[in-house]
Amino acid sequence: MQVTLTNGTKLPIEMHKVRIVQRCTLQPVAHRLAAITAAGYNTFLLRTRDVFIDMLTDSGTNAMSDNQLAAMMVADDAYAGGDSYYRLADACRDVMGFEFCIPVHQGRAAEHLLAKILVKPGDRVVMNYHFTTTKAHFELQGGTVHEIYCEGALETASTNPFKGNIDLNKFQALIDKFGPKKISFVRMEATTNLIGGQPFSMANLRAVSAMARKHGIPVMIDTSLISENAYFIKRREAGYADMGIKEIILEMMGHADMMYMSGRKSTAVRGGMIATNSKVLFEQVKAWLPVYEGFLTYGGMSSKEVEAMAVGMREMCDIEVASSGADLIQYFVDQMVAAGLPAVTPAGGLAGHVDAIKFLPHIPQSAYPAGCLAAAIYLVSGARPMERGTVSMDRDKQGRDVFADLELARLAVPRRVYSMAHIDYVVDRLKWLHAHRDLIGGLRFVEEPPVLRFFFGRLEPLNDWGTKLAKAFEADFGPEQ
Ligand SMILES: Cc1ncc(COP(=O)(O)O)c(C=O)c1O
């Protein structure tokens, strides 16, 4: 919740109290230099014991509620027919308006099954923007991904409240060019992870859905951050200010034929789901579920997580839950902008993002500026960002780098985990880093997996810039920090 203080400033005040805590450790800069070197300058390969503030992702890292933890204790551990599944299916029907619910172990498992069933070689898969695992699954089935984002979606400094919108003219052009039968579905990602967690508007979803339905093209929503997208619609779109999050979500789902989610985000568990009102699609997915995931009533999830997901799905409709990450991210982005840092604006749904091309104009995309910035942020702060740029793109068939549309260092804000003091500290260290940005150099791969290389790839600095940066930091702050 944002409360207004006497001096007029907005405070993202927590509408929960903390009753279980986990110790954090701030290792000194020399230790962090050794850790990031051992990790091949890839923040995925750091151990959490070396991380102070873990901003790698909001996936599976949000704080669960007391009610979710309590629900885990009454989970029904049956292999088949467990009551936990039926409670999840009830929540899915109430909150999403979908009759058929299929749990899967996480979001990419849903992408795998949906790709297997809906994407044929030569198909076109149309979306507002891709996500790494989404693209991998649809392409592995022989599909081609078309991103038809709206004008200005890739401008990092922007006031467009809905950069996740689809460009309807581009959609129509694809239908005209390939014919509707070649388009497997149109996918709307709520919120577009790789371009700054940006939402789409209800008006855009309504128009996309009308165009798709006119041509018999199914509409799919990736609902991983659905409560955040609904919250942005409430705050930013005319006509929705007085509606509840649940009503907004139900209206959104009314424009879709199916949804899938990583339950690790809005529902704050470790799991995923596919849901639809189509009995045909349900039966098709169900048939493959035991091969890849497990029986229908647990789908590869622990039944404790199934039970907690049922609670999380209802809780995400509480405005204080839906806004808990978004309001702190807004504060984070406001602080970065006030400090003159090139943050992605408007604030999005999962993280504060820094534009690495603007931050490090001296580093070309071939030397991975977002990877350099992510490693440098860790080095000077102990906060762990994620690279969302060219390192996160796999090479083309000729073995060439595919330069990403944006080079972002993403600092995720897991819900209800970190405080304003943590955010203020990170912004301060970003400010220091910006003032010393000339010390940061490029990276090159030394070990590179063939697919989704960002997870396990190892890089090395092109010169000894890490050591120089650590020395400059130590000169200003001493060896303890
Ligand atoms: C928008 C979106 N879709 C799908 C996924 C994949 O989900 P998972 O990590 O649960 O496999 C993610 C993960 O971050 C995501 O952000």
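Small disclaimer: the values here were computed from a predicted structure and weren't measured.

Description of the site of the ligand
Right, so step 1: Contacts to the ligand come from 14 residues, most closely from Gln106, Arg108, Asn193, Asp222 and Ser262.
Right, so step 2: The separation between an oxygen atom of the ligand and a polar side-chain atom of serine 262 is 2.6 Å.
Right, so step 3: The protein chains hide 96% of the 380 Å² of surface that the ligand would expose on its own.
Right, so step 4: With three residues, helix 4 (residues 107-118) is the single largest residue contributor to the shell around the ligand.

Some points on the packing of aromatic side chains
Right, so step 1: Scanning all chains against the criterion turns up 18 aromatic pairs.
Right, so step 2: For the pair phenylalanine 52 and tyrosine 425, a centre-to-centre distance of 5.4 Å together with 80° between the ring planes defines the contact as edge-to-face. You can see phenylalanine 52 sitting in the loop between helix 1 (29-38) and strand 3 (53-54) and its partner tyrosine 425 sitting in helix 15 (residues 420-435), a full 373 residues away along the chain.
Right, so step 3: Looking at phenylalanine 52, the relative accessible area reads 17%, which means it is buried.
Right, so step 4: Here a set of aromatic residues connected by ring pairs shows up, and it is made of Phe44, Phe454, Phe455 and Phe456.
Right, so step 5: Over the face of the ring belonging to phenylalanine 477 we find arginine 429, whose NZ or CZ atom lies 4.2 Å from the ring centre.

Details of a nonpolar patch on the surface
Right, so step 1: Taken together, Met1, Ile13 and Met15 make up a surface patch of nonpolar side chains, about 240 Å² in accessible area.
Right, so step 2: Of note, methionine 15 is situated in the loop between strand 2 (10-12) and helix 1.

What to know about the nonpolar core
Right, so step 1: The biggest cluster of nonpolar side chains holds 84 residues, and the ones touching the most others in it are Met96, Phe171, Ile249, Met252 and Met273.
Right, so step 2: The residues touching isoleucine 249, leaving out its near neighbours within four places in the chain, are Val95, Met96, Ile226, Ser227, Ala230, Met316 and Cys317.
Right, so step 3: If you look at the next biggest cluster of nonpolar residues, it comprises 61 residues, including Met55, Val354, Leu360 and Phe454.

Thoughts on the pattern of salt bridges
Right, so step 1: As enumerated under the stated definition, the model contains 26 salt bridges in all.
Right, so step 2: The salt bridge involving glutamate 307 is made with arginine 87; its shortest N-O contact spans 2.5 Å. Placement of glutamate 307 in helix 11 (residues 303-315) and of arginine 87 in helix 3 (residues 83-96) is noted, with a sequence separation of 220 residues between them.
Right, so step 3: On the accessibility criterion, glutamate 307 (3% relative accessible area) is buried.
Right, so step 4: Ionic pairing is found between aspartate 396 and arginine 400, a salt bridge with its closest N-O pair at 2.9 Å.
Right, so step 5: Since its relative accessible area comes to 23%, aspartate 396 is described here as partly exposed.
Right, so step 6: Linked by salt bridges that have partners in common, Arg395, Asp401, Glu448 and Arg453 make up one network.

Some thoughts on the pairing of strand 8 (residues 219-222)
Right, so step 1: Of the two faces of strand 8, the one lined by Val219 and Ile221 and the one lined by Met220 and Asp222 are each fully buried.
Right, so step 2: Sheet topology note: the strand 7 (residues 183-189)/strand 8 ladder contains four bridges and is parallel. Paired with methionine 188 across the strands is isoleucine 221, a residue of strand 8.
Right, so step 3: As judged from the three bridges shared by strand 8 and strand 9 (residues 258-262), these two strands associate in the parallel manner. Pairing of methionine 220 across the sheet is with methionine 258, part of strand 9.

A closer look at the sheet that holds strand 14 (residues 408-412)
Right, so step 1: Taken together, the three strands give an open sheet; going across it, the order is 11-14-13, and neighbouring strands pair in antiparallel fashion. Each edge of the open sheet carries a strand with a single partner, namely strand 11 (351-355) and strand 13 (386-388). Adjacent strand axes in the sheet meet at a mean angle of 30°, parallel and antiparallel pairs treated alike.
Right, so step 2: Note: strand 13 against strand 14, three bridges, orientation antiparallel. For methionine 386, the partnering residue across the bridge sits in strand 14 and is arginine 410.

Quick notes on unusual backbone geometry
Right, so step 1: Along the chain, alanine 190 connects to threonine 191 via a cis peptide bond; the corresponding omega equals 0°.
Right, so step 2: Secondary-structure assignment places threonine 191 in the loop between strand 7 and helix 7 (202-214).
Right, so step 3: A positive phi is found at tyrosine 41, a non-glycine position, where the angle reads about 50°.
Right, so step 4: Looking at the secondary structure, you find tyrosine 41 in the loop between helix 1 and strand 3.
Right, so step 5: Of note, tyrosine 368 is a non-glycine position whose phi angle comes to about 60°, a positive value.
Right, so step 6: Tracing the backbone through its elements, the reader meets tyrosine 368 in the loop between helix 13 (356-359) and helix 14 (369-381).
Right, so step 7: Tyrosine 368 gets classed as buried once you look at its relative accessible area, which sits at 3%.

Examining helix 3
Right, so step 1: Between its first and last C-alpha atoms helix 3 spans 19 Å; for 14 residues at 1.5 Å apiece the expected length is 20 Å, and the two agree.
Right, so step 2: For helix 3, the full list of buried residues reads Ser84, Tyr85, Leu88, Ala89, Ala91, Cys92, Val95 and Met96. For helix 3, the angular spread of buried residues about the axis comes to 160°, placing them on one side.
Right, so step 3: The inward-facing, buried residues of helix 3 contact strand 4 (100-104), helix 8 (226-236), helix 9 (245-254), strand 9, strand 10 (272-276) and helix 11.
Right, so step 4: Looking one or two residues past helix 3, glycine 97 carries a phi angle of roughly 75°, positive in sign.

Definitions and limits used
Residues numbered from 1 in each chain as written. Predicted model: local features only at pLDDT ≥ 70, side-chain atom pairs only at ≥ 80, totals over all residues. Heavy atoms only, no water. Near = heavy atom within 4 Å. Polar contact = N/O pair within 3.5 Å; in protein donor to acceptor, adjacent residues only side chain to side chain. Areas by Shrake-Rupley, 256 points an atom, 1.4 Å probe, with all protein chains shown as cover. Helix = DSSP H or I, 4+ residues; strand = E, 2+ residues; numbered from the N terminus. Phe/Tyr/Trp six-rings, centres within 6.5 Å; stacked < 30°, edge-to-face > 60°. Buried < 20%, exposed > 50% of the residue type's maximum accessible area, 1.4 Å probe, protein only. Lys NZ or Arg CZ within 6 Å of the ring centre and 35° of its normal. Patch = residues over 30% accessible without salt bridge, like charges linked within 9 Å, V, L, I, M, F, W, Y side chains within 5 Å. Salt bridge = Lys/Arg side-chain N within 4 Å of Asp/Glu carboxyl O. Core = buried A, V, L, I, M, F, W, Y, C linked by side-chain atoms within 4.5 Å. Contact = heavy atoms within 4.5 Å. Pairing = 2+ DSSP bridges. Axes fitted to C-alpha atoms, helices over the stretch in contact; angles between N-to-C directions. Expected span 1.5 Å × (residues − 1). Arc of directions from axis to C-beta.

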